[in-house]
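# Structural overview
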Amino acid sequence: MPEITEAQLADFCEKLKDFRESLTGPQQALLDAIVGIAWNASVKEEYFQEEFEGCFTPDQAELLLAYSPGGPAADGWAAMLPRIITPGPTGIKGPHAIG
Amino acid sequence: MTAWPTVIVSMPFQQADRPSIQLGLLKAIGERHGFSVRTLHANLDFAMRIGVDQYQPLAEHRGRQVGDWLFSVEAFGDEAPDPGGGLVAELGVEEIGGAERLLAVREHDVPAYLDALVEEFDGVRLVGFSSTFQQNTASFALARRLKERYPGILTVFGGANFDGEMGLELVRSVECVDFAVIGEGDTVFPALLGALAAGDDPIGIPGVARRVGDGVVATPPAAPQDRLDDLPAPDYGEYFERAARLGLPTGHIAIPFESARGCWWGAKHHCTFCGLNGTTMRFRAKSPDRVLGELDQQARRYHTFRFEAVDNILDLAYLKTLLPAITEGGRDYQIFYEVKANLTRGQLKNFATAGVTRLQPGLESLSSRVLSLMDKGVRAAQNVNLLRWARYYGISVGWNILWGFPGETAEDYAAQTAAIPALYHLQPPASAGRVWLERFSPLFTQPSRFPMRWRRPESSYRQVYPATMDIERIAYFFEYELEGALDPGTYEPLRAAVAQWSTAWEADSAPILVFRSAPGFLQIYDGRPERQGTYTFHDTLAAIYLACVDRPRTAAAVHRELGLDVPVSAVANAFQRFGERGLMFLDNDLAIALALPATAGR
């Protein structure tokens, strides 16, 4: 929230607290809900943003693919996943598609 | 009572790389009732004559009736509608031999093949023909020649091409058809043999039809066979003998077996495009012990471990009975099955350990909205999840992408196109195309629900069958235009994306997307084309991703499971960000992680 300073936020919270004390119980509950929703709406973009921005390292996979995880080193990660036992795509028995 | 010498025949274009289960089963049924029945896989002779490499594409070809066209002149003589070969001149038929070659096959190979075949019927009194897809005209052509050569011979036809009104019209209009069995033949066939042996008229047998004057007399079929356990195991001995005599390799043949009939999903929610099962949708299955016994028997009998279920859908009970029994018994079978797509990771693991190496799950689309229009009863995220775990456990998946459904929008296809590059590490569809309109499908039978501007039999039927036949009643495939259909160009980007997917999949180095994790730490290694790199996530983000590995999840479910102190919207937002990076497949409120565990076999 770059558009307000920390001092402004502290002042707003103090006024909100005073205002809240002047309300009845149901009114306080309503205010709490409104503030909660506004908070969620205003901060949700902040969650995980930094982690996503720094999550990708180009080309590192190439190095890691060469590392042997206990099996044969030559094929690395690619060899760990069975490609397909039966070679190639299977034929389709049903006639539904116009190929 | 004197049994009639009987031969049942499978003509082109039954596939040559496997025996006909129809023939094998009817032979075993006949012999159980005391009738000697010979099977004749005459399709093999034709495959050898024109070359297996040319035969197989013709056998697998659907829609355009090129195979039936090849035998049309021999079947109908002067009444054949296309003596000059207009059909193959109009069509692009390069992938099935080319026009010049197909004309030569029709003019030279077909008559020579029939001439040679006729010699094998000396002394035979009854000939049965099983006809499915493009086996009609080859069967009619042989029947016609047999009747010319052996005037006393009788013919009986059956198979899917004779289901419902198709069979009645074929009996009415094709002179060489003496009898037809409409519907399942398990009880009708031996009853017919018995009636002929006793000198009785078979016409009173339920399911038998014959031509009388200009009309057809038919006794309504009996209820479909309920107790499949009572059926014998098919007898394929004569297939293997003939293949060996012709020099066809049989070492890798998958033995067809039947563990169920009908479709339990279709009985409740008939997929809108599906015309399979015709008039017998009700689901019936053999007991697991019975299936296992048949596999064991056939493996010993034919020295094979490869089997191919002809079922339209797997009996779900087998997941807890048949599959564990195969695994625990230490059998090393390789099995093909058709299944419904909503299988779990654990179920796919059970398939793999039981030796189910190939599945056809009827995925049909990567759009939940289009799947809903089809009445498939499955979401796109479930389809993707099946592809993921099938890859992980080494199961090959045969599937198509279909389009052309009432109510679909351009956005449905744009979204699928956009999703495909993230799926390059999964098995692509074998094809992508517009759905056929099939007889018996809801699209065909419910015109008020699916309004069409027009509908007519697929055009090549008119270049195969004489004008005296009612094509509307014998056709299985139809051409059509829906009210509100999208422009055909709408689908081209998806078609192109599927082609690129296939190219990526078939590259020497298969695309991969795998992860390793430790508490609070996740790394995803991306080896898909043009995406090579490593993603690293920690703590909550890692936990969110891992929560979506096994099955599709909603943000609310993940939030609840992890007990997060961030709002649900933050989880949904994380889904979006994973999706933007091609690490998750997003399907409305569902998200499924796309990476697979790097550690195999768990």
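On a predicted model such as this, the values are computed, not experimentally measured, just so you know. (Residues numbered from 1 in each chain as written. Chains lettered and ligands numbered in written order. Predicted model: local features only at pLDDT ≥ 70, side-chain atom pairs only at ≥ 80, totals over all residues. Heavy atoms only, no water.)

### Observations regarding the overall build of chain B
The condition is simple: Each helix is a run of DSSP H or I of at least 4 residues and each strand a run of E of at least 2, with the numbering of both proceeding from the N terminus. Based on C-alpha atoms, the radius of gyration is set beside the globule rule, defined as 2.2 Å times the residue count to the power 0.38. Here's how the labels work: a residue is buried when its accessible area is under 20% of the maximum for its type, exposed when over 50%, partly exposed in between, all with a 1.4 Å probe on protein chains only.
Helix and strand counts for chain B stand at 24 helices and 26 strands. Taking 25 Å as the expected radius of gyration for a compact globule of 602 residues, we find that chain B reaches 26 Å, a close match to that expectation. Based on the C-alpha atoms only, the size of chain B along its principal axes is roughly 85 × 55 × 45 Å. The buried share of chain B, taken over its 602 residues, is 61%.

### What about the overall build of chain A?
Counted only if it meets this: Working definition of accessibility: Shrake-Rupley area with a 1.4 Å probe, residue cover restricted to the visible protein chains.
Regarding its fold elements, chain A presents five helices and one strand. Considering chain A as a whole, with its 99 residues, one finds that 22% of them fall into the buried category. Carbon together with sulfur atoms contributes 62% to the accessible area of chain A, which is approximately 6,800 Å² in total.

### A word on the state of the cysteines
Inclusion rule: For the purposes of this analysis, a disulfide is any pair of cysteine sulfur atoms at a distance within 2.5 Å.
Inspection of the entire model under this criterion finds zero disulfides over all chains. Cysteine A:C55 remains unbridged, with the sulfur of B:C548 as its closest cysteine sulfur at 16 Å. According to the relative accessible area criterion, A:C55 is buried, its value standing at 1%.

### Comments concerning the nonpolar core
Residue and element names in this part refer to chain B. Test applied: For the purposes of this section, nonpolar cores are sets of buried Ala, Val, Leu, Ile, Met, Phe, Trp, Tyr and Cys residues that join through side-chain atoms within 4.5 Å. Should any heavy atoms of two residues lie within 4.5 Å, those residues are counted as being in contact.
Of all hydrophobic cores here, the largest spans 191 residues; its most connected members are F121, F140, F351 and F537. Among the elements that make up this core, the one with the highest residue count is helix α17 (residues 380-392) (eight residues). With sequence-adjacent residues up to four places away left out, F121 is seen in contact with V7, V9, L40, V127, L142, L146 and Y150. Membership of the second largest hydrophobic core comes to 20 residues, among which are L126, V188, F189 and A197.

### Quick look at the packing of helix α2 (residues 42-50) of chain B against helix α11 (residues 237-246) of chain B
Residue and element names in this part refer to chain B. What counts is decided by this rule: Fitting a line to C-alpha atoms yields each axis, with helices limited to the stretch in contact; the angle taken between N-to-C directions then spans 0 to 180 degrees. Angles below 35 degrees are treated as roughly parallel, those above 145 as roughly antiparallel, those between 65 and 115 as roughly perpendicular, and all remaining angles as oblique. Handedness of a crossing is defined here by the sense of rotation of the near helix relative to the far one, left-handed for an anticlockwise turn of less than a right angle and right-handed for a clockwise turn. Three classes are used: nonpolar for Ala, Val, Leu, Ile, Met, Phe, Trp, Tyr, Cys and Pro, charged for Asp, Glu, Lys and Arg, and polar for all others, with Gly counted as polar.
Viewed as axis vectors pointing N to C, α2 and α11 meet at an angle of 20°, and their least axial separation amounts to 10 Å. One finds that α2 runs roughly parallel with respect to α11. Relative to α11, the crossing made by α2 is right-handed. Here L44, D45 and M48 of α2 come into contact with α11, specifically with Y239, R242, A243 and L246. Class assignment of the residues belonging to the contact of α2 with α11 gives a composition of five nonpolar, no polar and two charged.

### A closer look at the confidence of the model for chain B
Worth spelling out the cut-off: A residue's pLDDT is simply how confident the predictor is in it, with values from 0 to 100.
Summarising the model, chain B shows a mean pLDDT of 94, and 99% of its residues fall at 70 or more. Listed scores for the predicted complex are pTM 0.87 and ipTM 0.74.

### A closer look at the pairing of strand β11 (residues 306-309) of chain B
Residues and elements named next belong to chain B. Our working definition: Pairing between two strands requires that DSSP report at least two bridges joining them.
In this sheet, β11 lies alongside strand β8 (residues 255-257) in parallel orientation, the contact comprising three bridges. Paired with F257 across the bridge in β11 is A309. Looking at chain direction, β11 and strand β12 (residues 334-338) are connected through three bridges and run parallel. Paired with R306 across the two strands is Q334, which belongs to β12.

### Observations concerning the pairing of strand β2 (residues 37-40) of chain B
Residue and element names in this part refer to chain B. Inclusion rule: Whether a crossover is right-handed comes down to one check: with the strands pointing away from the viewer, does the path from the first strand over the helix to the second run clockwise; if it does, it is right-handed.
Alignment of strand β1 (residues 6-9) against β2, held across four bridges, turns out to be parallel. Its bridge partner being in β2, I8 is matched across the sheet by T39. Viewed along the sheet, the connection from β1 through helix α1 (residues 21-32) into β2 turns out right-handed.

### Looking at the pattern of salt bridges
All names here are of chain B. Quick note on the threshold: By convention in these notes, a salt bridge is any Lys or Arg side-chain nitrogen within 4 Å of a carboxyl oxygen on Asp or Glu.
Summed over all chains, the structure comprises 44 salt bridges over all chains. Ionic pairing is found between E169 and R473, a salt bridge with its closest N-O pair at 3.2 Å. Here R473 lies in helix α20 (residues 471-474) and E169 lies in helix α9 (residues 164-173), a separation of 304 residues in the sequence. In this structure, E308 and R358 form a salt bridge, with 2.8 Å as the shortest nitrogen-oxygen distance.

### Points about the sheet that holds β2(B)
Residue and element names in this part refer to chain B. Pairing in this open sheet of seven strands is mixed, and the strands run β2-β1-β3-β4-β5-β6-β7 from one edge to the other. With partners counted over all chains shown, the strands left at the sheet margins are β2 and β7 (215-218), one partner each. Strand-to-strand, the axes of this sheet are offset by a mean angle of 25°, without reference to chain direction. Note: strand β4 (residues 154-158) against strand β5 (residues 179-181), two bridges, orientation parallel. When the sheet's bridge partners are listed, V156 is paired in β5 with F179. Across the sheet, helix α8 (residues 136-149) is in contact with β1, β3 (126-130) and β4; its angle to β4 comes to roughly 170°.

### Observations concerning α1(B)
Residues and elements named next belong to chain B. This is how it is decided: Expected span, for any helix, means 1.5 Å times one less than how many residues it has.
The terminal C-alpha atoms of α1 lie 16 Å apart, and with 12 residues this matches the ideal 16 Å at 1.5 Å per residue to within 8%. Within α1, nine of the 12 residues are buried, leaving the element largely enclosed by the surrounding structure. Regarding α1, the residues found buried are I21, L23, G24, L25, L26, K27, A28, I29 and G30. After α1 finishes, the residue G34 shows a positive phi value of roughly 90°.

### Re the packing of aromatic side chains
Residue and element names in this part refer to chain B. Note the threshold: Only the six-membered ring of Trp is used, alongside the rings of Phe and Tyr, when aromatic pairs are assigned; centres must lie within 6.5 Å, and planes under 30 degrees apart are stacked while those over 60 apart are edge-to-face, with the rest tilted. Charge-over-ring contacts are defined here by two conditions on Lys NZ or Arg CZ: a distance within 6 Å of the ring centre and an angle within 35 degrees of the ring normal.
A complete count under the given rule lists 38 aromatic pairs over all chains for this structure. When the centroid spacing of 6.1 Å and the interplanar angle of 75° are considered together, the rings of F71 and Y113 count as edge-to-face. With a gap of 42 residues between them, F71 in the loop between α4 (66-70) and α5 (72-76) and Y113 in helix α7 (residues 99-118) connect regions that are remote in the sequence. Ring centres 5.2 Å apart and planes at 20° place the aromatic pair F240 and Y302 in the stacked group. Here Y302 lies in helix α13 (residues 288-302) and F240 lies in helix α11, a separation of 62 residues in the sequence. Assigned by exposure class, F240 and Y302 land together as buried. The ring of F444 has R455 lying over it, and the distance from NZ or CZ to the ring centre is 3.8 Å. When the ring centre of F478 is taken as origin, the NZ or CZ atom of R455, which lies over that ring, is 5.6 Å away.

### Considering the side chain of B:E308
Residues and elements named next belong to chain B. To be explicit about the condition: Any pair of N or O atoms that falls within 3.5 Å is considered a polar contact. Within protein, one atom must be able to donate a hydrogen and the other to accept it, and sequence-neighbouring residues count only if both atoms are side-chain atoms.
Tracing the chain through its elements places E308 in strand β11. Here E308 falls in the buried class, since its relative accessible area comes to 11%. Here the side chain of E308 touches R18 through a polar contact of 2.9 Å, side chain to side chain. For E308, the contacting residues outside a window of four places in its chain are R18, A254, I255, P256, F257, F336 and R358.

### Side note on a negative patch on the surface
The line we're drawing: Each patch is assembled from residues with relative accessible area greater than 30% and no salt bridge, linking like charges that lie within 9 Å and nonpolar side chains (Val, Leu, Ile, Met, Phe, Trp, Tyr) that lie within 5 Å. We score Asp and Glu as negative and Lys and Arg as positive, and we do not count His or the chain ends. Lysine's charge is taken at NZ, arginine's at CZ, aspartate's at CG and glutamate's at CD.
On the surface, a cluster of negative charge is made up of A:E50, A:E51, A:E53 and B:D539. Sorting elements by how many residues they give to the negative patch places helix α3 (residues 49-53) of chain A first, with three residues. Locating B:D539 in the fold gives a position in helix α22 (residues 539-547). The class for B:D539 is exposed, based on a relative accessible area of 54%.

### What to know about the confidence of the model for chain A
Here chain A shows a mean pLDDT of 66. Residues at 70 or above account for 49%. Counting interchain partners and residues more than four positions distant, the pLDDT-below-50 stretch residues 67-92 of chain A has 59 contacts.

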